[in-house]
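Report on the structure
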Amino acid sequence: PYLSDLCVDPEFQNRGLGRRLVRRGEEFAQQQLGKKEVYIRVAQDNEAALHMYTRRLGYQEYSHPDEEEESNENGKIILLRKELSPPLTERCSPETTETTPTPAAGLHAAAS
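Please read these numbers as outputs of a predicted model, since none were measured by experiment.

We now examine the environment of S4. Its place among the elements puts S4 in the loop between β1 (2-3) and α1 (17-31). Using a relative accessible area of 48% as the deciding quantity, one classes S4 as partly exposed. Between the C-alpha atom of S4 and that of V42, which follows or precedes it by 38 residues, the distance is 9.1 Å. Of the polar contacts made by the side chain of S4, one reaches the side chain of D5; its length is 3.3 Å.

Right under this line is the structure:
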């Protein structure tokens, strides 16, 4: 699925609301729709959004073989894609209490 038309009023920007909005969309796509990936389109000149999606939320530029290059009045539109990690409950094996290594689990185990 695509996360689309996300925006935060300028008065409330830089407070983490955009990241939380995207993460809620990702959670919904995964938990309610059973999806393993999500897509977002963003204008190439929207540097703040590109930074948030790619550096803070883990999206990567993606070229879909069936889609033509898109643009709007502000220039080129970039398609971003993110593979969603399985929920923590799915990372546990039913036969054992071990979990699949995750960055958080790895850091916790190293600190113990």
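This structure, assessed with the given rule, holds four salt bridges. Residues participating in the shared-partner salt-bridge network are E37, R81 and E83.

Let us look at unusual backbone geometry. Phi is positive for D5, close to 55°, though the residue is something other than glycine. In this fold, D5 is placed in the loop between β1 and α1. Backbone geometry at N14 places phi at a positive 65°, although glycine is not the residue there. Relative to the elements of secondary structure, N14 occurs in the loop between β1 and α1. A relative accessible area of 83% places N14 in the exposed class.

With that out of the way, let us pick up α1. For α1, spanning 15 residues, the distance from its first C-alpha to its last is 21 Å, which sits close to the expected 21 Å at 1.5 Å a residue. Buried positions along α1 lie against β1, β2 (37-43), α2 (47-56) and β5 (75-83).

A few words on the nonpolar core. Judged by nonpolar contacts, the single largest core of 15 residues is most densely connected at V22, I40, V42, Y53, L57, Y59 and L80. Only α1, β2, α2 and β5 provide two or more residues apiece to this core. When residues of this core are assigned to their parent elements, the largest contribution, four residues, is made by α2. Among residues more than four places away in sequence, those in contact with L57 are R19, V22, R23, M52 and K82.

A word on the pairing of β2. The element β2 is extensively covered by neighbouring structure, given that five of its seven residues are classed as buried. Strand direction decides the pairing type here: β1 and β2, joined by two bridges, are parallel. Bridge pairing in β2 links L3 to I40. For the handedness criterion, the β-α-β arrangement of β1, α1 and β2 is classed as right-handed.

Before going further, it helps to spend a moment on α2. Looking at α2, one finds that the buried residues are A49, L50, M52 and Y53. Looking straight down α2, one finds that the buried residues subtend no more than 165° of arc, so they occupy a single side. For α2, exposure combined with an orientation more than 90 degrees from the buried face picks out E47, A48 and R55. Contact partners of the buried residues in α2: α1, β2 and β5. Where α2 ends, the next residue or the one after it, G58, has phi of about 85°, a positive value.

Analysis parameters
Each chain has its residues counted from 1, running along the sequence as written. This being a predicted model, a pLDDT of at least 70 is required before a residue's local features are given, and a value of 80 or more before pairs of side-chain atoms are given or counted; all residues contribute to the totals for chains, interfaces and linings. Side-chain measures here rest on the full set of heavy atoms in the structure, leaving out hydrogens and waters. Numbered from the N terminus, helices here are DSSP runs of H or I no shorter than four residues, and strands are runs of E no shorter than two. The cut-offs for exposure are 20% and 50% of the maximum accessible area for each residue type, with area from a 1.4 Å probe on protein chains only; residues under the lower value are buried, those over the upper are exposed, and the others partly exposed. Within 3.5 Å is the distance limit for a polar contact, defined as a pair of N or O atoms, with the added protein rule that one can donate a hydrogen and the other accept it, and that residues adjacent in sequence qualify only through two side-chain atoms. In the sections that follow, a salt bridge refers to a side-chain nitrogen of Lys or Arg positioned within 4 Å of a carboxyl oxygen of Asp or Glu. For a helix, the expected span equals 1.5 Å multiplied by the number of residues minus one. The contact criterion used throughout is that any non-hydrogen atoms of two residues lie within 4.5 Å. Buried Ala, Val, Leu, Ile, Met, Phe, Trp, Tyr and Cys residues that are joined via side-chain atoms within 4.5 Å together make up what is termed a nonpolar core. Criterion used throughout: strands pair if DSSP finds at least two bridges between them. Crossover handedness is defined here as right-handed if the route from the first strand over the helix to the second strand goes clockwise, with the strands pointing away from the viewer. Throughout, the arc means that of the directions going from the helix axis to the C-beta atoms.

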